[in-house]
Amino acid sequence: MLKFGFIGFGQYGGRQVDVLLPLSEHYTGMAVNTAVNDLEGLTNVPDGFRLQLKGNSFGAGRTPELAYNAFLDNGPEFVATAQTVTKDCDFIWVVAGLGGGTGTGALQGFLQHGTELFEQPIGLIITIPRDDDGAVQKANAMGALKYIQDAINEKRIGAVLIVDNDRFFRQFAAENRPGDWRDHSNLLLAKTLHDLNTITIESGQSNFDRTDLLKILCSSGCLAIGSANLRDLDQDSVYQTIRNSIQKGFFSSGYRLEEAEYYALCFTLNEEGSKVRSSTYEQHFVTHLKSLFPNATDSFFGYYTNHKNHVLSVVSGLGLPERVFQFKDQIKVVESRQVKRLDLDVSDLPAFSSTTNPLLRRKAGASEDNPLLKRRTTLSAGTAQASRDNPLLRKR
Ligand SMILES: Nc1nc2c(ncn2[C@@H]2O[C@H](COP(=O)(O)OP(=O)(O)OP(=O)(O)O)[C@@H](O)[C@H]2O)c(=O)[nH]1
Ligand SMILES: [Mg+2]
């Protein structure tokens, strides 16, 4: 398996790293945040690897510029800690939720100035906002996506693993699952990435090892991961299961698969499932996958022995998912927002007499005792000056 080093920016980044770290002794990680509270809420990130960006101790309030500047101001501390944390790693994952201030701004700073400071290849784990999230989050996310697209184009980063929060939120709501969908999504991402990494150490006949995984993770562009149990074991059912998991999975929906550079299928099979290893099956899959990934330049098939029949599919080198391209239009709708403003001429209003309402009539004798009604006699020089101009203070 590969040694991963995780650098989490902002609240999501820290929380996601916190869930990944306990999965393996080969994982190291740090959390970077403006908000002290977020850092204090972590369990598994060691104290020395929690970096607070001095300047905005309550968070960056969805203002990436604040975090971008704070990140650069704390640059030397960040680089020293990040290089220590990732020293023995094979691959670095930088983790941030797009849409807020800290994660988005720090990620931008990192993509602009940080990628050249590490020897290891770098990948990203990012969330993208839900449809229901506001225009501010989408605009922030788009700002960071521009930097991400540049880094992909220039091959400064490899795999970009996207957690589509809309996808998670909707499915968890539809299934009425208890608990916080964010915690579920963090756990599922951690498990899926860890399963992918550990599959290379499962026993069995395999044409997919850690070097192949590293090659896939170094392919610049989005990484889709599909995961599915195999129930029906006839050729076509297995292929349909693979296809569905690649097209509709939590970490694989909304991509244009014809853009794929590489793909890998990793089967874990028990005795009953061992027939899936046969070359007739592989031939069937290859024929169909050619139309799914017509431009892929390499592919891998790994077979491992396990008690359950399962397939993990990985596709690399993809462009950003379709939802990202819709954010721009969703923001336009908000730009045309009209606010109805109150604009009236008070002289047009009918006059209602207040003299009939006893509450509004001055009570006899009350003014002597009530300080609220008493006029202050000593005014400061400034107030004395103001009193001449301020109609509130002038005697009518
Ligand atoms: N899937 C998932 N998404 C999260 C989680 N926490 C936050 N997000 C999303 O990530 C995006 C950024 O939010 P945060 O990480 O809280 O923001 P931040 O980077 O701390 O930024 P500021 O608080 O504005 O400084 C938002 O769209 C959140 O909905 C989480 O635990 N899981
Ligand atoms: Mg925050």
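Reading guide: rules and limits
Residues numbered from 1 in each chain as written. Chains lettered and ligands numbered in written order. Predicted model: local features only at pLDDT ≥ 70, side-chain atom pairs only at ≥ 80, totals over all residues. Heavy atoms only, no water. Helix = DSSP H or I, 4+ residues; strand = E, 2+ residues; numbered from the N terminus. Rg over C-alpha atoms; globule rule 2.2 N^0.38 Å. Buried < 20%, exposed > 50% of the residue type's maximum accessible area, 1.4 Å probe, protein only. Contact = heavy atoms within 4.5 Å. Lys, Arg positive; Asp, Glu negative; His and termini not counted. Charge placed at Lys NZ, Arg CZ, Asp CG, Glu CD. Phe/Tyr/Trp six-rings, centres within 6.5 Å; stacked < 30°, edge-to-face > 60°. Lys NZ or Arg CZ within 6 Å of the ring centre and 35° of its normal. Expected span 1.5 Å × (residues − 1). Arc of directions from axis to C-beta. Pairing = 2+ DSSP bridges. Axes fitted to C-alpha atoms, helices over the stretch in contact; angles between N-to-C directions. Core = buried A, V, L, I, M, F, W, Y, C linked by side-chain atoms within 4.5 Å. Left-handed = near helix turned anticlockwise from the far one by under 90°. Nonpolar A, V, L, I, M, F, W, Y, C, P; charged D, E, K, R; others polar. Salt bridge = Lys/Arg side-chain N within 4 Å of Asp/Glu carboxyl O.

Labelled according to an unreviewed UniProt entry, the protein chain appears under the name Tubulin/FtsZ family, GTPase domain, originating from Alicyclobacillus macrosporangiidus.

J.: Is there a simple way to explain the overall build of the protein chain in this structure?
T.: When you go through the protein chain residue by residue, the secondary structure sums to 14 helices and 10 strands. Taking 396 residues into account, the globule formula puts the C-alpha radius of gyration at 21 Å, and the protein chain, at 30 Å, lies well above it. Principal axes of the C-alpha set define a box for the protein chain whose edges measure 105 × 50 × 35 Å. A burial count over the protein chain gives 46% of its 396 residues as buried. Once local pairs closer than 6 in sequence are excluded, the contacts in the protein chain between residues at least 24 apart make up 77%. Each charge class in the protein chain was averaged separately, 42 positive and 45 negative side chains, and the resulting centres sit 11 Å apart.

J.: Just to check I follow, could you spell out the packing of aromatic side chains for this structure?
T.: In this description, a pair of aromatic rings is defined by centroid distance and the angle of the planes. Applying the stated criterion to the full structure yields 23 aromatic pairs. Ring geometry for Phe9 against Phe71: centres 5.4 Å apart, planes inclined by 80 degrees, an arrangement best described as edge-to-face. Residue Phe9 is found in strand β1 (residues 4–9), and its partner Phe71 is found in helix α3 (residues 64–73); the two are separated by 62 residues along the sequence. Taken as a pair, Phe9 and Phe71 share a single burial class, namely buried. Each member of the aromatic cluster is reached from another via a ring pair, and the members are Phe4, Phe6, Tyr27, Phe91 and Trp93. Over the ring of Phe169 we find Arg130; its NZ or CZ atom is 3.5 Å from the centre of that ring. For Lys215, the ring lying beneath its charged end belongs to Tyr262, and the centroid distance is 5.0 Å.

J.: Help me out: how do you make sense of helix α6 (residues 135–153) in this one?
T.: The α-helix winds at 3.6 residues per turn, so residues separated by three or four positions along the chain end up facing the same way. Counted at 1.5 Å a residue, the expected span for α6 with its 19 residues is 27 Å, and the 26 Å between its end C-alpha atoms agrees. Within α6 the residues assigned to the buried category are Gln137, Lys138, Asn140, Ala141, Ala144, Leu145, Ile148, Ala151 and Ile152. Around the axis of α6, the buried residues are gathered within 155 degrees of arc, so they sit on the same side. Looking one or two places after α6, you find Lys155, whose phi comes out positive at around 55 degrees.

J.: What's the story with the sheet that holds strand β3 (residues 50–52) in this structure? I'm lost.
T.: Sheets are built from strands that pair by backbone hydrogen bonding, the pairs being arranged parallel or antiparallel. The 10 strands are arranged β3-β2-β1-β4-β5-β6-β7-β10-β8-β9 in an open sheet whose pairing can be described as mixed. The sheet is open, and its two edges are formed by β3 and β9 (298–305), each paired on a single side. The average undirected angle you get between the axes of adjacent strands in this sheet is 20 degrees. Along the sheet face, helix α1 (residues 10–20) touches β1, β2 (27–33), β4 (91–97), β5 (122–128) and β6 (159–164) and points at about 150 degrees away from the line of β1.

J.: Explain the nonpolar core to me, please; I cannot follow it from the model alone.
T.: By size, the foremost hydrophobic cluster in this structure holds 63 residues, and its most contacted members are Phe9, Phe78, Leu107, Ile148, Phe267 and Phe285. Not counting chain neighbours up to four residues away, the residues in contact with Leu107 comprise Phe9, Val94, Ala96, Leu98, Thr102, Leu124, Ile126 and Ile148. Among the nonpolar cores identified, the runner-up in size contains 43 residues, and Phe6, Leu20, Leu196 and Phe300 belong to it.

J.: When you look at unusual backbone geometry in this model, what are you seeing that I'm missing?
T.: Negative phi values dominate among residues other than glycine, just as trans dominates among peptide bonds. In this model, Lys155 sits at a positive phi of 55 degrees, which is unusual for a non-glycine residue. Inspection of the secondary structure puts Lys155 in the loop between α6 and β6. One non-glycine residue, Asn176, lies in positive phi territory at about 55 degrees. By secondary structure assignment, the location of Asn176 is in the loop between α7 (165–174) and α8 (181–198).

J.: I would appreciate a short explanation of the packing of helix α10 (residues 235–248) against helix α11 (residues 279–292) in the present structure.
T.: If you want to describe how two helices pack, look at the angle between their axes and the distance between the axes. Interaxial distance between α10 and α11 falls to 10 Å at its minimum, and their mutual angle equals 40 degrees. When the axes of α10 and α11 are compared, the crossing they make is right-handed. Side by side, α10 and α11 meet where Gln235, Asp236, Val238, Tyr239, Ile242, Arg243 and Gln247 of the first sit next to Thr280, Tyr281, His284, Phe285, His288, Leu289 and Leu292 of the second. Looking at the contact of α10 with α11 residue by residue, the classes come out as 7 nonpolar, 5 polar and 2 charged.

J.: What am I meant to see in the side chain of Asn140 here?
T.: Structurally, Asn140 is set in helix α6. Classification of Asn140 as buried rests on a relative accessible area of 10%. Among residues more than four places away in sequence, those in contact with Asn140 are Arg62, Pro64, Gly99, Gly100, Thr104 and Gln108.

J.: How should I be thinking about the pattern of salt bridges in this particular structure?
T.: Where side chains of opposite charge bring their charged atoms close, a pairing between them can arise. Applying the stated rule across the entire model yields 17 salt bridges. Residue Arg15 pairs with Asp183 through a salt bridge whose shortest N-O separation is 2.9 Å. With Arg15 in helix α1 and Asp183 in helix α8, this residue pair connects regions lying 168 residues apart in the sequence. By relative accessible area, which is 28% here, Arg15 ends up partly exposed. Residue Asp183 is classed as partly exposed on the basis of its relative accessible area, which comes to 37%. For Glu175, the salt bridge goes to Arg177, with nearest N and O atoms at 2.6 Å. When salt bridges with common partners are traced through the structure, they connect Asp131, Asp164, Asp166, Arg170 and Arg323 into a single cluster.

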